[in-house]
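Results of the structural survey
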Protein chains: 2
Amino acid sequence: MTTETDFDQATAVQRVGDTGDRFQAEFRTEWLNHGHVNGGFVLAVAARALGGVLAEGSAHGDPFALSAHFLSRTAPGPVEIQTSVVRQGRQLSTGTASVLQTDQKGAETERVRIIGTYRDLDTLSDEVFTTAACPDLPPPGECVSTETASEEMLSQSRLHERLDLRLDPATTGWSNEEGPSGRGVASGWMRFRDGREPDPLALLLASDVLPPVSFDLGAAGFPVTVQIAAHVRAKPAPGWLRLTQRTHNHAGGFLEQDTEIWDSKDRLALQARHLIYLMPFGD
Amino acid sequence: MTTETDFDQATAVQRVGDTGDRFQAEFRTEWLNHGHVNGGFVLAVAARALGGVLAEGSAHGDPFALSAHFLSRTAPGPVEIQTSVVRQGRQLSTGTASVLQTDQKGAETERVRIIGTYRDLDTLSDEVFTTAACPDLPPPGECVSTETASEEMLSQSRLHERLDLRLDPATTGWSNEEGPSGRGVASGWMRFRDGREPDPLALLLASDVLPPVSFDLGAAGFPVTVQIAAHVRAKPAPGWLRLTQRTHNHAGGFLEQDTEIWDSKDRLALQARHLIYLMPFGD
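From a predicted model like this one, the values you see are computed outputs, not experimental measurements. Residue indices follow the written sequence of each chain, beginning from 1 at its first position. The lettering of chains begins at A and the numbering of ligands begins at 1, in the order of writing. Note on the predicted model: pLDDT of at least 70 is required for a residue's local features to be given, and 80 or more for side-chain atom pairs to be given and counted; whole-chain, interface and lining totals, by contrast, use all residues. For side-chain calculations, the full set of non-hydrogen atoms in the structure is used, while hydrogens and water are omitted.

**Concerning the relation of the copies chain B and chain A**
Here the copies are superposed with least squares, the fitted atoms being C-alpha atoms of residues at a pLDDT of at least 70 in both. When chain B is brought onto chain A, the operation consists of a screw motion whose angular component is 180° and whose axial shift is 0.0 Å, with 0.0 Å RMSD remaining. Overall, the copies show the geometry of a two-fold rotation axis. Contacts were defined at the residue level, with two residues in contact if any of their heavy atoms lie within 4.5 Å. A symmetric contact is evident, with 100% of the interface residues of chain B recurring at the interface of chain A.

Set out below in structure tokens:
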């Protein structure tokens, strides 16, 4: 028997309407990061709704390849997710999800448009020939816990009451007198504080919880995600996740941010790429 | 005055119907690669249709961030593209495109679903802080021209009558007695034979013209693209394009393929990631 954990409650979706393809949920203030609804959290909620719909007509309930385009800024509070099935195939099923909120003028506004291709991750072959290198992080106890952040930062990021995040000190120079390394890297460990083990939805959240790579790059601007492409390559094993993010191409005011998430069995469980706009401060 | 070049003719779309959001085009046999309609070519045609629609309500006619999910195998012949506008913003506009063909039973079948975020690429800031390294290729004259491929291969790949593709010999061992390097890399130069200069649509085509990285990896299976995420980061300068592709994570029968395209001014003009299924031969 499993009990419903905090993350499962926070990402819960409920069917509304007659057609069975529309859901309501809530972006709770307990999951805000720097005062904003985390893009990975939005993706997890939408992916849960779409997965419920696709799993009804197939065995394809696990998010496998997701594309998300961010249209307007998501706000805490009620949200609806309109899903549609595009194709149900033998190995893969694909659908769309629109994340909708009521704006300040009372109009329904689309926040995010998503295409998701789902499968049964348990049917993936076990063959692993990956040449990617598992990140070499100091043990969690030698990393920087978000508990050491300022009271002000933590009050804006209640997410960290729920996540145990340990940042590799080699990538946190931007937060102290060392200053940013200029490499454009962030890495660390993550697990849920309440002991919930990771699954594909948790990977989507985890793909967006490290400090933006622009901090370590020393690049000014508020990072705004334009697009996410995420591949869930394996169901993660129980235990700590290791996360790495890096950028190579900071140009024209935008940068790509590539994320890898490795599980406790050294399996590369998620690859994601974000396209990020560095919005000039004051804009 | 410019004349309409071959690539422009091949990607031409014509409005059909009353609503103005539906287009017809044709996937011509002259652009087939290994007997298949190239995924990058499909993306270029769909992006052209969507760009036409988005440019009507904004200055955003250039593809900037595209997500494509491949649903069923595209065939040569007539095709229709159903577009829709999702949001027109100040800096970015977003829409969708569905690539539709009539299947052998006469039913309309969706081949590809795309979300595209467009902008005016000329308004991107000129600041470039990229740390990515421009590929170090032998000059085109010292690379392997596709003209040296077998008659049989070329008859299946009439695309190469139109593209001047020069492969880095360090990545073509799979085609001769050397054998695959096992690194999972492909790289080379590309330009149109008729002298047409590259633009964002040409970058989309170019993101998919190198041999699959699975050849250099020595991995068996027919590569089938599941998803593409493509970022056009700059309008390419005239001249040769340099293309590189590599994979790091071949696992569970799938691999990611990361593409970079550099222009003649050493600017990183496109970054793309494909999720590829290696379909067992005979499946």
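**A look at helix H2 (residues 39–56) of chain B**
Owing to its 3.6 residues per turn, the α-helix aligns residues three or four sequence positions apart on the same side. Residue and element names in this part refer to chain B. A run of DSSP states H or I qualifies as a helix once it reaches four residues; a run of E qualifies as a strand once it reaches two. Both are numbered from the N-terminal end. A helix is expected to span 1.5 Å multiplied by its residue count minus one. In a regular helix each residue adds 1.5 Å, so 18 residues correspond to 26 Å; H2 covers 26 Å between its end C-alpha atoms and thus fits that length. Burial status follows relative accessibility: with a 1.4 Å probe on protein chains alone, a residue under 20% of its type maximum counts as buried, one over 50% as exposed, and anything between as partly exposed. Where burial is concerned, most of H2 is hidden: 14 out of the 18 residues are buried. Pairing of N or O atoms within 3.5 Å defines a polar contact, subject to two protein rules: one partner must be a possible hydrogen donor and the other a possible acceptor, and residues neighboring in sequence count only if both atoms are side-chain atoms. N-capping of H2 is provided by Asn38, with a side-chain oxygen placed 2.8 Å from the backbone N of Gly40.

**So, the environment of Ala65 of chain B**
With respect to the helices and strands, the residue Ala65 of chain B is situated in strand S5 (residues 62–70). Distance in space between the C-alpha atoms of Ala65 of chain B and Tyr118 of chain B is 6.8 Å, their sequence separation being 53 residues. In contact with Ala65 of chain B, other than residues within four places in its own chain, are His69, Gln227 and Leu275 of chain A together with Ile115, Gly116, Thr117, Ala230 and His231 of chain B.

**Some points on the confidence of the model for chain A**
The share of residues in chain A with pLDDT of 70 or more is 99%, and the mean pLDDT across the chain is 94. This prediction of the complex comes with two scores: 0.96 for pTM and 0.96 for ipTM. Here pLDDT means the predictor's own confidence in every residue, given as a number from 0 to 100.

**Description of the state of the cysteines**
Residue and element names in this part refer to chain A. Criterion for a disulfide: a pair of cysteine sulfur atoms within 2.5 Å. Per the stated rule, a full pass over the model turns up zero disulfides over all chains. Here Cys134 is not cross-linked by a disulfide; its sulfur's nearest cysteine counterpart is in Cys143, at 13 Å. Residue classification places Cys134 among the partly exposed residues on the basis of a relative accessible area of 27%. Residue class for Cys143 comes out buried when judged on its relative accessible area of 12%.

**Overview of the environment of Gly239 of chain A**
Residues and elements named next belong to chain A. Here Gly239 lies in the loop between strand S12 (222–232) and strand S13 (241–246). Separated by 131 residues in sequence, Gly239 and Glu108 have C-alpha atoms that sit 40 Å apart. Residues contacting Gly239, with those up to four places away along its chain left out, are Glu197, Pro198 and Ser264.

**So, unusual backbone geometry**
Residues and elements named next belong to chain A. One non-glycine residue with positive phi stands out, namely Asp266, at about 65°. Tracing the backbone through its elements, the reader meets Asp266 in the loop between strand S15 (254–262) and strand S16 (268–279). For Asp266, a relative accessible area of 46% puts it in the partly exposed group.

**A closer look at the packing of aromatic side chains**
Residue and element names in this part refer to chain A. Any Phe, Tyr or Trp ring, taking Trp's six-membered ring, that has another such ring centre within 6.5 Å forms a pair; planes under 30 degrees apart are called stacked, those over 60 apart edge-to-face, and the others tilted. Per the stated rule, a full pass over the model turns up 16 aromatic pairs over all chains. Ring centres of Phe7 and Phe192 lie 5.0 Å apart, and the angle between their planes is 35°; this geometry places the pair in the tilted category. You can see Phe7 sitting in helix H1 (residues 6–10) and its partner Phe192 sitting in strand S11 (residues 185–192), a full 185 residues away along the chain. Of the aromatic side chains, those joined through ring pairs into one cluster are Phe7, Phe27, Trp31, Phe41 and Phe192.

**As for helix H2 (residues 39–57) of chain A**
Compared with an ideal rise of 1.5 Å per residue, which puts 19 residues at 27 Å, H2 of chain A spans 28 Å between its outermost C-alpha atoms and is within 8% of the ideal. Within H2 of chain A, 14 of the 19 residues are buried, which leaves it mostly tucked inside the rest of the structure.

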